Amino acid sequence: MSASLARLRRNWKGYLFLIPVFAVLASFKFIPFFDALRMSMYDWNGANVKSYVGLANFKELVRDATFLDSLGNVAGFTFAAVIIQLIVPLIAAVLVFHVTNRKLQQFFKVWFVVPLVIPSIIVFLTWQWIFAGEYGVLNEFLKVVGLESWTHAWLGESKTAFTSIVFVNFPWIGGINFLLYLAGLMAISGELFEVAKLDGMNAWQRFKHIELPLVRSQIKLILVLTLINQIQSFENVLVLTNGGPGTSTMTPALYLYIQGFSYSRLGYASAIGVTLFAVVLLLTWVNQRFIRDTDKID
């Protein structure tokens, strides 16, 4: 403790530059969170009607069939996203990393990063057009190739809406995850690849014994980011299906939005938000506790 105080006294001018950062975090992150925690115990419409109800909102959540359905849906979305984001961008990053032609490699890097600058709403509206029932791109393509019997109202049928949302952003490569994997691969010492080549390792052996173990930290980070993003995300479902048909694609974050801003039940929406925070915190702790960082190769 004394060492920490000594370091603080020695570098106090440097720490002053952190005050604006902490002020912004407090104003837009911590204060709203603790306010939501407090308001989750009130029956509040966001304006002037506010009465203390204790844990009644949380008790209602446990019996709320729509909320329970949304938990099942987000579990499915999260499971699919974790599998996709841990595998597909990694494969793409490995392939791009081993492209020997530097100009071609640079082209692929730019190609996979370009989706980062495209607004998400544009992506979701494009996929809405692809999945549209009567004149959607996918249905028109199926008609052209003689598979008219395969056409569906992809976002309007319970049996296809969930899978259609999972397929949004196919082939699931571009973005931060690809860059994280690529950065991890580029940080591996070239000497290891030289040794692997001398030992006669094929591509699979090199990936299994060198590349995969040494990007474990990136895998851990991407797992956390994917879990948080999926549990908190609702924009894609809002644009594509608005949670329907029925509750087949409803997510907790979208249900929070609907309860808070469509029905003016801000207290109940706060209870949903606090519950989601607890779930994310638990999953993050499990990830930190049981998944190892990069340490050494086998």
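Throughout, residues of each chain are indexed from 1 in the direction in which the sequence is written. Given that the model is predicted, a residue must reach a pLDDT of at least 70 before its local features are reported, and side-chain atom pairs must reach 80 or more before they are shown or counted; all residues, however, enter totals for whole chains, interfaces and linings. Based on all heavy atoms of the structure, the side-chain values leave hydrogens and waters out of the count.

Draft legend 1. Focus on the overall build of the protein. The secondary structure listing takes helices from DSSP runs of H or I that are at least 4 residues long and strands from runs of E that are at least 2 residues long, numbered from the N terminus. Counting secondary structure elements, the protein contains 16 helices and two strands. Its C-alpha atoms put the protein at 75 × 75 × 30 Å along the principal axes. Note on classification: 1.4 Å probe, protein chains only; a residue is buried when its accessible area is under 20% of the maximum for its type, exposed when over 50%, partly exposed between these limits. Taken over 298 residues, the protein has a buried fraction of 34%. Residue contacts follow a heavy-atom distance rule, with two residues in contact if any of their heavy atoms lie within 4.5 Å. Residue pairs at least 24 apart in sequence account for 66% of intrachain contacts in the protein once pairs closer than 6 positions are excluded. Surface summary for the protein: the accessible area is close to 18300 Å², and the carbon and sulfur share equals 67%. Positive and negative side-chain charges in the protein, numbering 23 and 17 respectively, have mean positions lying 13 Å apart. Each accessible area is a Shrake-Rupley estimate made with a 1.4 Å probe; only the visible protein chains count as cover when residues are assessed. Here the positive residues are Lys and Arg and the negative ones are Asp and Glu; neither His nor the chain ends is included. The atom standing in for a charge is NZ when the residue is Lys, CZ when it is Arg, CG when it is Asp and CD when it is Glu.

Draft legend 2. Summary view of the side chain of Thr-249. Within the secondary structure, Thr-249 is located in the loop between α14 (235-240) and α15 (252-262). Two N or O atoms count as a polar contact when they lie within 3.5 Å, although within protein this holds only if one can serve as hydrogen donor and the other as acceptor, and sequence-adjacent residues are included solely when both atoms are side-chain atoms. A polar contact is formed between the side chain of Thr-249 and the backbone oxygen of Gly-243, at a distance of 3.2 Å. With residues near it in sequence (within four places) discarded, Thr-249 still touches Asn-73, Phe-77, Ala-161, Phe-162, Ile-165, Val-237, Thr-241, Gly-243 and Gly-244.

Draft legend 3. Looking closely at the pattern of salt bridges. When a carboxyl oxygen of Asp or Glu lies within 4 Å of a side-chain nitrogen of Lys or Arg, that pair is called a salt bridge. Tallying each qualifying case throughout the model produces four salt bridges. For Arg-38, the salt bridge identified is with Asp-35, shortest N-O distance 2.7 Å. Here Arg-38 and its partner Asp-35 are both found in helix α3 (residues 19-39), three residues apart, which amounts to about one turn of the helix. We classify Arg-38 as partly exposed; its relative accessible area is 42%. Here Arg-265 ties to Glu-60 by a salt bridge, and the two come within 3.0 Å at their closest N and O atoms.

Draft legend 4. Structural context of unusual backbone geometry. In this structure, the amide linkage connecting Gly-244 to the following residue, Pro-245, adopts the cis form with an omega of -5°. Of note, Pro-245 is situated in the loop between α14 and α15. Positive phi outside glycine occurs at Asn-169, with the angle close to 80°. Looking at the secondary structure, you find Asn-169 in the loop between α9 (158-167) and α10 (176-186). Looking at Asn-169, the relative accessible area reads 41%, which means it is partly exposed. For Asn-242, which is not glycine, the phi torsion reads 55° and is therefore positive. Checked against the element boundaries, Asn-242 lands in the loop between α14 and α15. The exposure class of Asn-242 is partly exposed, given its relative accessible area of 43%.

Draft legend 5. Region of the structure containing the packing of aromatic side chains. Aromatic rings from Phe, Tyr and Trp, with only the six-membered ring used for Trp, were paired whenever their centres fell within 6.5 Å, and each pair was classed as stacked if the ring planes differed by under 30 degrees, edge-to-face if by over 60, and tilted otherwise. With the rule as written, the count across this model stands at 16 aromatic pairs. Summarising the aromatic geometry, the rings of Phe-97 and Phe-193 are spaced 5.6 Å apart at their centres and angled 45° between planes, so their arrangement reads as tilted. Residue Phe-97 is located in helix α5 (residues 65-97), and its partner Phe-193 is located in helix α11 (residues 190-198); the two are separated by 96 residues in the primary sequence. Pair check on accessibility: Phe-97 and Phe-193 agree, each one buried.

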